[in-house]
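# Topology and contacts: notes
Each chain, letter by letter, is given below.
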Amino acid sequence: MSSNNIADPRRQNKILRYKPPSTETNPTLEDPTPDYMNLLGMIFSMCGLMLKLKWCAWIAVYCSFISFANSRSSEDTKQMMSSFMLSISAVVMSYLQNPQPMSPPW
């Protein structure tokens, strides 16, 4: 085993630890998908609540899940959870007002 260390072609002074690029120096690396999905979720939640459209409420839940799945741990969780709770409340309120199954929008 010690004979392998002598013939090792790697140079110890050329080994560098990987550092991910920071988003402060290059803002194009930041993914805007969670923010867009959060905004869409809130818009669809309000449409589901105000217009009593069940499909809008379900799309809001879907957008909230996508926003949560694509977010980073460093992002604000309060806004994301409020969007998620708003979408859940839109679904609950739309089914409390009209408990029949959802009819297709077409």
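None of these values were measured; they are calculated from a predicted model.

This part takes up the overall build of the protein chain. Within the protein chain, the regular secondary structure consists of four helices and zero strands. Out of the 106 residues in the protein chain, the part that is buried amounts to 18%. When the accessible surface of the protein chain is split by element, carbon and sulfur atoms take 63% of a total near 8600 Å².

Here we come to a nonpolar patch on the surface. Taken together, the side chains of Ile-88, Val-92, Met-93 and Leu-96 make up a nonpolar region of the molecular surface, amounting to roughly 340 Å² of accessible area. In this structure, Met-93 sits in helix H4 (residues 77-97).

Attention now goes to the UniProt feature "transmembrane region" (unreviewed entry) in the protein chain. In the UniProt entry, the feature "transmembrane region" (unreviewed entry) is given for residues 39-68. When the span residues 39-68 is considered, its composition is 93% helix and 0% strand, and the gap between its end C-alpha atoms is 12 Å.

Bringing unusual backbone geometry into the picture now. For residues other than glycine, phi is negative in most cases, and the peptide bonds are mostly trans. Backbone geometry at Lys-52 places phi at a positive 60°, although glycine is not the residue there. Along the chain, Lys-52 falls in the loop between helix H2 (33-51) and helix H3 (54-70).

What follows deals with the packing of H2 against H3. The interhelical angle for the contact between H2 and H3, taken along N-to-C directions, is 160°, at an axis separation of 8 Å. Put simply, H2 runs roughly antiparallel to H3. For the crossing formed where H2 meets H3, the hand is left-handed. Mapping the contact onto sequence places Thr-33, Pro-34, Met-37, Asn-38, Leu-40, Gly-41, Phe-44, Ser-45, Cys-47 and Gly-48 in H2 and Cys-56, Ala-57, Ile-59, Ala-60, Cys-63, Ile-66, Ser-67 and Asn-70 in H3. When its residues are assigned to classes, the contact of H2 with H3 shows 11 nonpolar, seven polar and no charged.

Before going further, it helps to examine H4. Helix length check: H4, at 21 residues, gives a terminal C-alpha distance of 30 Å against a target of 30 Å (1.5 Å per residue), a fit within 8%. Against the buried residues of H4 lie H2 and H3.

Reading the values: rules and limits
- Here, residues in each chain are numbered from 1, in the same order as that chain's written sequence.
- This being a predicted model, a pLDDT of at least 70 is required before a residue's local features are given, and a value of 80 or more before pairs of side-chain atoms are given or counted; all residues contribute to the totals for chains, interfaces and linings.
- Derived side-chain values reflect all non-hydrogen atoms in the structure, with water molecules and hydrogen atoms excluded from consideration.
- Note on conventions: DSSP H or I runs of at least 4 residues are helices, E runs of at least 2 residues are strands, and numbering of each starts at the N terminus.
- With a 1.4 Å probe rolled over the protein chains alone, any residue whose accessible area is under 20% of its type maximum counts as buried; one over 50% counts as exposed, and the rest are partly exposed.
- Shrake-Rupley sampling with a 1.4 Å probe provides the accessible areas, and residues are treated as covered by the protein chains on show and by no other component.
- Within this analysis, patches are made of residues with over 30% relative accessible area and no salt bridge. Like charges are joined at 9 Å or less; nonpolar side chains (Val, Leu, Ile, Met, Phe, Trp, Tyr) at 5 Å or less.
- Whenever Lys or Arg places a side-chain nitrogen within 4 Å of a carboxyl oxygen from Asp or Glu, that contact is recorded as a salt bridge.
- UniProt positions are given in the numbering used here, feature names are shortened, and annotations may be inferred rather than shown by experiment.
- Angles here are taken between N-to-C directions and fall from 0 to 180 degrees, while the axes themselves are lines fitted to C-alpha atoms, restricted in helices to the stretch in contact.
- Throughout, the term roughly parallel applies to angles under 35 degrees, roughly antiparallel to angles over 145, roughly perpendicular to angles from 65 to 115, and oblique to all others.
- Two helices cross in a left-handed way if the nearer one is turned anticlockwise from the farther one by less than a right angle. They cross in a right-handed way if the turn is clockwise.
- Contacts between residues were defined by any pair of non-hydrogen atoms, one from each residue, lying within 4.5 Å.
- Residue polarity is assigned by list, with Asp, Glu, Lys and Arg as charged and Ala, Val, Leu, Ile, Met, Phe, Trp, Tyr, Cys and Pro as nonpolar; anything else, Gly included, falls into the polar class.
- Take the residue count of a helix, subtract one, and multiply by 1.5 Å to get its expected span.

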